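Listed below are the residues making up each chain.
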Amino acid sequence: GIWLQVLCIKIFGYYHWSVRLPSLIAFMGVIGLFFQFSKSIGVKIFVPIVATFILLSCRGLIRPHVFLTADLDGMLVFCTTFLFFIRLHQLQTKKISNTSIHGMGIIFLAAFMLKSVAVFLLLPALFVSFCLERDILQVTKNKFFYLWMLINLCCIVGYYLLREPLDPGYFQVVVQSEFLRFTSKVMEWHQQPFWFYGKNVLQHHFLLYA
């Protein structure tokens, strides 16, 4: 994500809007995904329009930590939304196509490059979805699934191997700040009860449905 911001600065100059441009593009991408998915399932045009207004009124989305500033989480939200829409399309068509496998592989790798290991949090939900819908066999029998697993593994491991000599101690920082937070108390403000985020959505960030 920082690479995209640097690219925008190089192209347009060092301005507030050039640093925020990738987040704005990501937000427009999320809106575009809603419209495209709505079209694919045959709903009337006013439905995605209403959905867009709901998104714009959702404080959980339009806030400094997501799309309102140059925060990198905006680009992560675009990638995770894209992944889930691909999965919804698979459920709609009742088919695990090669194209959808390619899409998931590309978007997963892009999400990692934009915001590190946070995209791994989606894997349990996707795995459960494939199991519940009995699609897991279709996936594991697809050769492109293993191809993208290999590509992602090589790119992720290769990134750390290349970065460590350039910035000694980088991997140790990643382990401490990204991986250990699953089992250890790394950041005090991230220690919350199990239902914290669900309550947060209902009570603070989605007031239209509270």
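Let us look at the structure shown here. Because the structure is a prediction, the values reported are computed rather than measured.

### Structural notes on unusual backbone geometry
Where the residue is not glycine, phi is negative for most of them; where a peptide bond is considered, it is trans in most cases.
Stage number 1. With a phi close to 60°, Ser 116 is a non-glycine residue in the positive phi region.
Stage number 2. One non-glycine residue, Arg 134, lies in the positive phi region at around 60°.
Stage number 3. Residue position: Arg 134 is located in the loop between α6 (123–132) and α7 (136–140).

### A word on the environment of Trp 3
Stage number 1. For Trp 3, the location among the structural elements is in helix α1 (residues 2–12).
Stage number 2. With a relative accessible area of 55%, Trp 3 lands in the exposed category.
Stage number 3. Placed 19 residues apart in sequence, Trp 3 and Pro 22 show a C-alpha to C-alpha distance of 9.9 Å.

### So, the packing of helix α8 (residues 143–166) against helix α9 (residues 170–179)
Stage number 1. Look at α8 against α9: their axes get within 8 Å of each other, and the N-to-C directions meet at 125°. Taken together, the axis directions place α8 and α9 in an arrangement best described as oblique. Here α8 contributes Tyr 159, Tyr 160, Arg 163 and Glu 164 to the contact with α9, which in turn contributes Tyr 170, Phe 171, Val 174 and Phe 179.
Stage number 2. Looking at side-chain class alone, the contact of α8 with α9 contains 6 nonpolar, no polar and 2 charged residues.

### Some remarks on the pattern of salt bridges
Stage number 1. For the coordinates displayed, the defined rule picks out 3 salt bridges.
Stage number 2. Asp 73 is paired through a salt bridge with Lys 115; the nearest N and O atoms lie 3.1 Å apart. One end of the pair, Asp 73, is in helix α4 (residues 73–93); the other, Lys 115, is in helix α5 (residues 98–115), with 42 residues separating them in the sequence.
Stage number 3. The exposure class of Lys 115 is partly exposed, given its relative accessible area of 25%.
Stage number 4. Salt-bridge contacts for Arg 163 lead to Asp 167; the nearest nitrogen and oxygen are separated by 3.6 Å.

### With respect to the nonpolar core
Stage number 1. Phe 67, Leu 83, Met 104, Phe 112, Val 119, Phe 130 and Tyr 160 are the most contacted members of the largest nonpolar core, which totals 33 residues.
Stage number 2. The dominant element in this core, judged by the number of residues it contributes, is α5, at 7 residues.

### Some words on the side chain of Arg 87
Stage number 1. Inspection of the secondary structure assignment puts Arg 87 in helix α4.
Stage number 2. For Arg 87, a relative accessible area of 3% gives the class buried.
Stage number 3. Only 3.0 Å separates the side chain of Arg 87 from the side chain of Asp 135, close enough to count as a polar contact.

### Thoughts on the packing of aromatic side chains
Stage number 1. Evaluated as defined, the whole model comprises 15 aromatic pairs.
Stage number 2. Here Tyr 15 and Trp 17 contribute two aromatic rings whose centre-to-centre distance is 6.0 Å and whose plane-to-plane angle is 5°, an arrangement assigned as stacked.
Stage number 3. Note on Tyr 15: relative accessible area 46%, which makes it partly exposed.
Stage number 4. Residue class for Trp 17 comes out partly exposed when judged on its relative accessible area of 47%.
Stage number 5. One aromatic cluster is present, built from ring pairs that chain together Trp 3, Phe 108, Phe 112, Phe 120, Tyr 159, Tyr 160, Tyr 170 and Phe 171.
Stage number 6. In this arrangement the basic side chain of Arg 163 is found over the ring face of Tyr 170, its NZ or CZ atom lying 4.0 Å from the centre.

### Notes on the packing of α5 against α8
Stage number 1. With their axes 9 Å apart at the nearest point, α5 and α8 run at an angle of 10° to one another. It follows that α5 is roughly parallel to α8 by the angle criterion. When α5 is examined against α8, the residues Asn 98, Ile 101, His 102, Gly 105, Ile 106, Phe 108, Leu 109, Phe 112 and Met 113 are found in contact with a partner set consisting of Phe 144, Phe 145, Trp 148, Ile 151, Asn 152, Cys 155, Ile 156, Tyr 159 and Tyr 160.
Stage number 2. Residues that form the contact of α5 with α8 fall into these classes: 14 nonpolar, 4 polar and no charged.

### Details of the environment of Phe 130
Stage number 1. With respect to the secondary-structure elements, Phe 130 resides in helix α6.
Stage number 2. Once the C-alpha coordinates of Phe 130 and Arg 87 are considered, the two residues, 43 residues apart in sequence, prove to be 9.0 Å apart.
Stage number 3. Ignoring any residue separated from it by four or fewer positions in sequence, one finds Phe 130 in contact with Arg 87, Gln 90, Ile 96, Met 104, Asp 135, Ile 136 and Val 139.

Criteria and cut-off values
- Residues numbered from 1 in each chain as written.
- Predicted model: local features only at pLDDT ≥ 70, side-chain atom pairs only at ≥ 80, totals over all residues.
- Heavy atoms only, no water.
- Helix = DSSP H or I, 4+ residues; strand = E, 2+ residues; numbered from the N terminus.
- Buried < 20%, exposed > 50% of the residue type's maximum accessible area, 1.4 Å probe, protein only.
- Axes fitted to C-alpha atoms, helices over the stretch in contact; angles between N-to-C directions.
- Parallel < 35°, antiparallel > 145°, perpendicular 65-115°, else oblique.
- Contact = heavy atoms within 4.5 Å.
- Nonpolar A, V, L, I, M, F, W, Y, C, P; charged D, E, K, R; others polar.
- Salt bridge = Lys/Arg side-chain N within 4 Å of Asp/Glu carboxyl O.
- Core = buried A, V, L, I, M, F, W, Y, C linked by side-chain atoms within 4.5 Å.
- Polar contact = N/O pair within 3.5 Å; in protein donor to acceptor, adjacent residues only side chain to side chain.
- Phe/Tyr/Trp six-rings, centres within 6.5 Å; stacked < 30°, edge-to-face > 60°.
- Lys NZ or Arg CZ within 6 Å of the ring centre and 35° of its normal.

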